[in-house]
Amino acid sequence: MLGRTLREVSAALKQGQVTPTELCKNCLSLIKKTKYLNAYITVSEEVALKQAEESEKRYKQGQSLGDLDGIPVAVKDNFSTTGIETTCASNMLKGYVPPYNATVVQKLLDQGALLMGKTNLDEFAMGSGSTDGVFGPVRNPWTYSKQYRERSRQDAGDDSHWLITGGSSGGSAAAVAAFTCFAALGSDTGGSTRNPAAHCGIVGFKPSYGLVSRHGLIPLVNSMDVPGILTRCVDDTAIVLGILAGHDPKDSTTVRDPVQPASIPGGMDVSRLCIGIPKEYLVPELSSEVRSLWSQAADLFESEGAKVIEVSLPHTCYSIVCYHVLCTSEVASNMARFDGLQYGHRSGVDVSTEAMYATTRQEGFNDVVRGRILSGNFFLLKENYENYFVKAQKVRRLIVKDFVDVFESGVDVLLTPTTLTEAVPYLEFIKEDNRTRSAQDDIFTQAVNMAGLPAVSVPVALSNQGLPIGLQLIGRAFCDQQLLTVAKWFEKQVQFPVIQLQGLMDDGSLVLENGKLTSASLTQR
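What counts and how
- Residues numbered from 1 in each chain as written.
- Predicted model: local features only at pLDDT ≥ 70, side-chain atom pairs only at ≥ 80, totals over all residues.
- Heavy atoms only, no water.
- UniProt positions renumbered as here; feature names shortened; annotations may be inferred.
- Helix = DSSP H or I, 4+ residues; strand = E, 2+ residues; numbered from the N terminus.
- Buried < 20%, exposed > 50% of the residue type's maximum accessible area, 1.4 Å probe, protein only.
- Contact = heavy atoms within 4.5 Å.
- Polar contact = N/O pair within 3.5 Å; in protein donor to acceptor, adjacent residues only side chain to side chain.
- Salt bridge = Lys/Arg side-chain N within 4 Å of Asp/Glu carboxyl O.
- Core = buried A, V, L, I, M, F, W, Y, C linked by side-chain atoms within 4.5 Å.

The name that an unreviewed UniProt entry assigns to the chain is Glutamyl-tRNA(Gln) amidotransferase subunit A, mitochondrial, with the source organism given as Mus caroli. Within the UniProt record for the chain, the comment given under Catalytic activity (unreviewed entry) is "L-glutamyl-tRNA(Gln) + L-glutamine + ATP + H2O = L-glutaminyl-tRNA(Gln) + L-glutamate + ADP + phosphate + H(+)". Its UniProt record gives the chain a comment under Subcellular location (unreviewed entry), which states: "Mitochondrion".

Set out below in structure tokens:
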């Protein structure tokens, strides 16, 4: 049952083939069996079981709340959750229990979803590997897959070369990929949902800025943060988006009355599409395998009658630097609230208020967070403001205009890589500093956040080493439905193979009728 799609499980619940409590207990059992992944910071077992009981009563009375009623979900630990610790994987917020739910969390709960727990991340979502949180790094489930073990000739007993998930929503991605929940919330500031989705072989969606409320998402970069959705198929993403999208009076950036369906059409006329291939994204660092799959995907669209053209986003070369200046500047402002006076960690130093404040931040933040705060404050200094922050804002407008010009030229969707390579071993990943890693891993994703556009990463194939590779589709602002419709068609064509977590399959945790996962019909082209 755990390998089925969200819609299939919802139907099974309505037909009485499984109960919410059985489903919840199966997921909780799998969370314990995959604890080595470190995907969860907090497992809300009692809460989930209580929610499952309430869901079960509704089903017995024929009063189901909808497609999410009784469905296990997980939430990244930078979304506020009533009565459940919210840490942002930081010493600064250890022990902090919010008095309210983030709007997106509340919307899931209002639909009867079961909250399995809070997932791991880079501290305050600052990173691209999910390796820098105080609770330790997240491990990619594909490290332990049959596909990777066989192709890379890794010894099943050798645990020293485990792979990163990507970040910063790596815990949410690992939770979904390992079948411990059917959907998870991430946050996306520069690719933090799409990056781990690509590395973990699942779908990662970043909605248009303003489509989904940010209220209760502990802010990193207010002008770019968007709640993201991670699922195992595009249709599941559409279902969750249909629930989350909408105006929120608590978030002034949300638009009014967005039209979002609960599902997307199964068929579409691909021949009417114009697919743009940004020439600036063909960078030297791009692996040959990703480059080849990108080309094959373009050929696939063209073979079905779509018009595929090369387009230019001329200011792409400036986007990483621009993103860094704007990101760190907003980080410096947002992190100022963590001063040890109102909530969160407070140093025992009592020599003076200034000393307590400084020591609190030294003890509460890691090197990555402190570094971004220092950089941001430098850019915001009176003598630097015009030369850095203001110029970066102007460049951002040029980047936005690049996308507008391309879409106004008739392009419907842009097709790009999501990441430079497949997931890399942790020991290799940590050889680079955080800033360098983020610049490399977010190269194809961060411009979308600056432009406020919707984007989705879809897994397309396994690399020669048996690891997932994802490609990104970018759409016009608030054309999220069209983007997901294209993504669903694309997903159906590539038929990405399901992960084979041999240990779990051997003990029956993921076995369905005929001994196969429902999604096992997805086979590599």
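### Describing the UniProt feature "active site" (unreviewed entry) in the chain
The UniProt feature table records "active site" (unreviewed entry) at Lys76, Ser168 and Ser192. Across 117 residues, the annotated set stays spatially compact, with a maximum C-alpha separation of 11.1 Å. Note that Ser168 resides in the loop between helix 5 (146-151) and helix 6 (170-177). You can call Ser168 buried: its relative accessible area is 0%. Leave out the neighbours within four places in its chain, and Ser168 touches Lys76, Asn120, Leu121, Asp122, Ala125, Gly127, Ser130 and Ser192. Its location among the elements puts Ser192 in the loop between strand 4 (183-188) and helix 7 (194-200). Overall, Ser192 belongs to the buried group, its relative accessible area being 7%. At 3.3 Å, the side chain of Ser192 and the side chain of Ser168 are in polar contact.

### Overview of the environment of Ala173
Mapped onto the fold, Ala173 is located in helix 6. Its relative accessible area of 0% is what places Ala173 among the buried residues. As a C-alpha pair, Ala173 and Ala39 span 134 residues in sequence and 8.2 Å in three-dimensional space. Ala173 has contacts with Pro196, Ala197, Cys200, Ile202 and Leu230, leaving out every residue within four places of it along the chain.

### A short note on the pattern of salt bridges
Note on pairing: side chains with opposite charge can pair once their charged atoms come close. Scanning the model with the defined rule gives twelve salt bridges in all. Here Lys118 and Asp77 are joined by a salt bridge, their closest N and O atoms 3.0 Å apart. You can see Lys118 sitting in strand 3 (residues 114-119) and its partner Asp77 sitting in the loop between strand 2 (72-76) and helix 4 (103-110), a full 41 residues away along the chain. A single burial state applies to Lys118 and to Asp77, both of which are buried. What emerges from the salt-bridge pattern is a single network uniting Arg7, Lys14, Asp67, Asp235 and Lys488.

### Let's talk about the nonpolar core
In terms of nonpolar packing, the biggest core is built from 157 residues, with Phe124, Phe301, Phe403, Leu415 and Phe490 touching the most fellow members. Not counting the four nearest positions on each side in its chain, Phe490 is found in contact with Ala297, Leu300, Phe301, Val458, Val460, Leu471 and Leu473.

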